[in-house]
Each structure stands twice: as C-alpha cells, then as structure tokens.
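The residues making up each chain are set out below.
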Amino acid sequence: MSTEYAEWREQLRQRAAASARRKAELAEERAQRRRRRGHGLVERQAARLARLRPDTAPFPPDPECTEW
C-alpha cells in the first residue's frame, strides 16, 4: 500500500469519526432541548390549571406534609 493511499484512508477515518461525534453531540443537544421544553410546558400547564381551578380543600395545607 502506498503512503499516499494510507494517509488518505487515515484522513477519511478521522473525518468519519469527527462527523459521528458531531452528529451524536447534536442529537444530545436536541434531546436536552426537548426535555427542557417539555418540562416548561408541563409547568405552564400546571400553573394555568391552578389559576383556573380554585382551591376547594376544606382546610389549609399542612407545611409538615408537603414535599417542597
């Protein structure tokens, strides 16, 4: 095998590995963005429901029992 061919194969392998890494990084960024967006949508919907539905509990919540 000539050295030029071997160098070309090595460069091709490096470019393919870099491309695969970048593709994986972009996929992870998209997944994180979807998780953050989904979490925000859930919080906004919960806040909207809390505003629309008045609290009908017969007694105030006990701070000792809350999960905050």
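This text follows the structure it describes.
Residues numbered from 1 in each chain as written. Predicted model: local features only at pLDDT ≥ 70, side-chain atom pairs only at ≥ 80, totals over all residues. Heavy atoms only, no water.

## Describing the overall build of the chain
Then, number 1: For the chain, the helix and strand inventory stands at 1 helix and 0 strands.
Then, number 2: Once the C-alpha set of the chain is aligned to its principal axes, its extents read approximately 85 × 25 × 10 Å.
Then, number 3: Across the 68 residues that make up the chain, the buried fraction comes to 3%.
Then, number 4: For the chain, the exposed area adds up to about 6,900 Å²; of that, 56% sits on carbon and sulfur atoms.
Then, number 5: A gap of 10 Å separates the mean positions of the 16 positive and 11 negative side-chain charges of the chain. (Helix = DSSP H or I, 4+ residues; strand = E, 2+ residues; numbered from the N terminus. Buried < 20%, exposed > 50% of the residue type's maximum accessible area, 1.4 Å probe, protein only. Areas by Shrake-Rupley, 256 points an atom, 1.4 Å probe, with all protein chains shown as cover. Lys, Arg positive; Asp, Glu negative; His and termini not counted. Charge placed at Lys NZ, Arg CZ, Asp CG, Glu CD.)

## Looking at the pattern of salt bridges
Then, number 1: Applying the stated rule across the entire model yields 3 salt bridges.
Then, number 2: Among the salt bridges present, the one from Arg13 reaches Glu10, with a minimum N-O distance of 2.5 Å. Residue Arg13 and its partner Glu10 are located together in helix α1 (residues 3–52), separated by 3 residues, close to a single helical turn.
Then, number 3: Measuring nitrogen to oxygen at the nearest pair gives 3.5 Å for the salt bridge that ties Glu25 to Arg22. Of this pair, Glu25 and Arg22 are both found in helix α1, 3 residues apart, which corresponds to roughly one turn of the helix.
Then, number 4: Under the relative-accessibility criterion, Glu25 is labelled partly exposed at 42%. (Salt bridge = Lys/Arg side-chain N within 4 Å of Asp/Glu carboxyl O.)

The values are spatial; any link to function lies outside them.
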